[in-house]
Amino acid sequence: MKLSITLLLSLLIGLSASAQTIEERVEELEIARTLNIFKFSGDLTLFYDGIELENGTSSEVDDTTYSTRLWAGINFNANPYDDVKFYGRLAVSKFFNEAFGSEERVADTSASRSQAGPQVYLEKAYFDYSVLDSLIISAGRLPTSDGVPTNYITGQARMGTYPRLAYGALLDGVGLTYKLGSLFGEDLSFRTIYTPFNAPTFQSDIINKETTGNDDSHSDTYAVHLDWNKRDTSIARNINVFVQYLKVSDLNVPDQFVGAGNTVAVLDSDLALNLTYLTYHLELEDIANSGVNLAFSYLQTKTANKGTGIDLTNIGTSASVGFNVNDPNGEVDGDGFLVSASWRVGSSGVILGAEYLSSDDDYGYFDLYDWNLTNFYATRGTGTHVYATYQIKPTFTLTAGYRSQDYSAYTTGLGGADTDTDREVTTMYLMNSLTF
Amino acid sequence: MKKGLPLLILLFSVSSHAGKVDDVVTAVKEKCSKDLPKRVAAQSVKKAFLTCNPGTPVDIDGCKIDCLKKNEGSVIGN
């Protein structure tokens, strides 16, 4: 009896499930699709680097090193409302099986790009809120990295808001985009982006970083830029003109701790940095349907010191120094330009590319997130990069490349004025990248 | 019944990608003035929306259309 009832129930349930019409089942599918607001994608990149250093002076040691690395990331986007979109990314970068190494450079502005071991870091998490069709507010951890021409190497589309030669860090903040397209032609956007730096310390007796009593905990940083894209022209599939002014105001340099014999000496800091970066960028994508991309970037940098400097008294020197200069109130102006070209060779799946960087001795760019290990885009002097990429699949690539950096000057940062050098760094690398 | 099963599966497959199938058909029509059968378009959805790079051409049944995958989350307010 019990068996019969079970069979009957099963039959009824089965009948009711199969009794759904095609329309009902399609409707269910559509509802399921509507409720699923998430989209996922990701990437995995493997690197092999062979790096050779030649210092060019007898007092410094030449060296060669090899490394294998892994970068990976998961992107997750969501559309909770028609006018609110969320974009996130968790990422990791590490050397293979690191043992006894000392190359971890974890900092908030580069954590996911620092070869920091298997930890996963937040690389992107921001929303776009369309107040109007032409006015969009963005806030969170923003896509300020991997700007053009980073994407040329693997044949991808634009990957970052700022061009590569603008500001080399992952930044949190708030942005306002005003699309001027209807007034000035095609796809002209004005953006202002506020990305303040913080150095928080909240203890019972002190609420800022320094012991000097100065309120050094916050630095206003902002960028304003114009981003103009003209698409589907006879000259190129897209022409991008980009001009940006970025200002870092009163960025506190914290107290320094240096070894002095068996003790650690504290060097009191009353030093703040004012940094400005002015970028002009022109890009021509797919010139005359030839598969050739061309990008020019020119960057002016200024480093201005403010305050009484870093006090060296505790290490036996009665002086104070600044950043990149010995003078605590010193200023240095520099500039550099980057030319980048890539050629997608027909439908062969091959991409050939080259980059050339030239900068003066006071060039003040820094490079916290790039794929390369040797701060290529921060080179003071000249840098050359050539590569060949084969697209095994459209988003599964193998790249072989060569970078050469010929330094004309370097600085040690604090207290470090320019020092002339013949230093050369060369890198041979292989890179295997999958995006999905 | 056996003959009807593949048709039913195809119908569900097309329905679940309905908007995207139409997008592929429209893109091919605009680019090459060609009427792409919905069945072929349904089979090309993955190629046109997933395994291509935004801004690059994709070959759909002999017609090169632009990759239909959006470049999202790269530029704020875009």
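Quick caveat, the model's predicted, so the values are computed rather than measured.

Trainee: When you look at the overall build of chain B in this model, what are you seeing that I'm missing?
Mentor: When its secondary structure is counted, chain B shows 3 helices and 2 strands. When the elements of chain B are put in sequence order from the N terminus, they spell out α-α-α-β-β. A buried classification covers 35% of the 78 residues belonging to chain B. By sequence separation, contacts in chain B at least 24 residues apart represent 35% of the contacts at least 6 residues apart.

Trainee: Would you mind going over the overall build of chain A with me for this structure?
Mentor: Broken down by element type, chain A carries 3 helices and 23 strands. Looking at the 436 residues of chain A, the share that counts as buried comes to 35%.

Trainee: Before we go on, may I ask you to explain the confidence of the model for chain B in this structure?
Mentor: It should be kept in mind that the predicted coordinates are not to be read in detail where pLDDT is low. Residues and elements named next belong to chain B. Counting all residues, the mean pLDDT for chain B is 81, and 77% of those residues have values of 70 or more. Highest mean pLDDT in chain B belongs to helix α3 (residues 38–49) (91); lowest belongs to helix α1 (residues 4–16) (49). With a pTM of 0.83, the predicted complex shows an ipTM of 0.80.

Trainee: I'm lost on the environment of Lys-64 of chain B in this one. Help?
Mentor: Residues and elements named next belong to chain B. For Lys-64, the location among the structural elements is in strand β2 (residues 63–66). Each C-alpha atom, one on Lys-64 and one on Asn-78, is 25 Å from the other, the two residues being 14 residues apart in sequence. Lys-64 has contacts with Lys-31, Pro-57, Val-58 and Asp-59, leaving out every residue within four places of it along the chain.

Trainee: Any chance you could explain α3 of chain B here in plain terms?
Mentor: Working note: α-helix, 3.6 residues per turn, so residues spaced by three or four point in the same direction. The terminal C-alpha atoms of α3 of chain B, which comprises 12 residues, lie 16 Å apart, in line with the 16 Å expected from a rise of 1.5 Å per residue. What α3 of chain B keeps buried is the set Ala-41, Ala-42, Ser-44, Val-45 and Ala-48 of chain B.

Trainee: Sorry if this is basic, but what is going on with unusual backbone geometry here?
Mentor: The bulk of non-glycine residues show a negative phi, and the bulk of peptide bonds are trans. Residues and elements named next belong to chain A. Residue Pro-149 follows Val-148 across a cis peptide bond; omega there is 15°. Mapped onto the elements of the fold, Pro-149 is located in the loop between β5 (135–141) and β6 (172–179). Even without glycine at this site, Asp-146 takes up a positive phi of about 60°. Within the secondary structure layout, Asp-146 lies in the loop between β5 and β6. Classification of Asp-146 by C-beta neighbours within 10 Å gives buried; the count is 21. For Asp-232, which is not a glycine, the phi torsion comes out positive at approximately 55°.

Trainee: Mind showing me how you'd approach the interface of chain B and chain A here?
Mentor: By a widely used convention, the size of an interface equals the accessible area lost when the partners come together. Between chain B and chain A, the contact holds 16 residues from the first and 27 residues from the second. In the side of chain B that touches chain A, the residues fall into 5 nonpolar, 10 polar and 1 charged.

Trainee: Please clarify how the pairing of strand β1 (residues 38–54) of chain A should be interpreted in this entry.
Mentor: Each regular strand carries side chains that alternate between the two faces of the sheet. Residues and elements named next belong to chain A. In this structure, β1 lies alongside strand β2 (residues 63–81), joined through 16 bridges in antiparallel fashion. Bridging from a neighbouring strand, Gly-50 pairs with Tyr-66 of β2. Taken together, the 12 bridges between β1 and strand β23 (residues 424–435) define a ladder with antiparallel strand orientation. Within the sheet, the bridge partner assigned to Leu-53 lies in β23 and is Val-425.

Trainee: Hey, could you run me through the pairing of strand β10 (residues 221–231) of chain A in this one?
Mentor: All names here are of chain A. As paired strands, strand β7 (residues 188–194) and β10 are joined by 7 bridges and run antiparallel to one another. Among the inter-strand pairings, Ile-193 is bridged to a residue of β10, identified as Ala-223. Pairing of β10 with strand β11 (residues 236–253), which is carried by 11 bridges, proceeds in the antiparallel orientation. Bridge pairing links Ala-223 to Leu-246 in β11. The turn joining β10 and β11, which pair antiparallel and follow one another in sequence, is formed by 4 residues; a positive phi near 55° is taken by Asp-232.

Trainee: What exactly am I supposed to notice about the nonpolar core here?
Mentor: Considering soluble globular proteins, one finds that nonpolar side chains tend to be buried as a cluster. Within the largest apolar cluster, 23 residues are counted, with the highest numbers of intra-cluster contacts made by Leu-165 and Ala-166 of chain A. Every residue in contact with Leu-165 of chain A, bar those within four places of it in the chain, is listed here: Thr-279, Ser-297, Leu-299, Leu-338, Tyr-365 and Tyr-377 of chain A. With 16 residues, the next largest nonpolar core counts Ala-42, Val-45, Cys-52 and Cys-67 of chain B among its residues.

Trainee: What's the story with the environment of Tyr-121 of chain A in this structure? I'm lost.
Mentor: Residue and element names in this part refer to chain A. Following the sequence through the fold, Tyr-121 ends up in strand β4 (residues 121–132). Overall, Tyr-121 belongs to the buried group, with 20 C-beta atoms counted inside 10 Å. When the C-alpha positions of Tyr-121 and Leu-90 are compared, they lie 5.6 Å apart, and in sequence the two are 31 residues distant. Discounting residues that sit within four places of it in the chain, Tyr-121 has contacts with Ala-91, Val-92, Ala-111 and Ser-112.

What counts as what
Residues numbered from 1 in each chain as written. Chains lettered and ligands numbered in written order. Predicted model: local features only at pLDDT ≥ 70, side-chain atom pairs only at ≥ 80, totals over all residues. Helix = DSSP H or I, 4+ residues; strand = E, 2+ residues; numbered from the N terminus. Buried ≥ 20, exposed ≤ 12 C-beta atoms within 10 Å, placed from the backbone. Contact = placed C-beta atoms within 7 Å. pLDDT = per-residue confidence, 0-100. Expected span 1.5 Å × (residues − 1). Nonpolar A, V, L, I, M, F, W, Y, C, P; charged D, E, K, R; others polar. Pairing = 2+ DSSP bridges. Core = buried A, V, L, I, M, F, W, Y, C linked by C-beta atoms within 7 Å.

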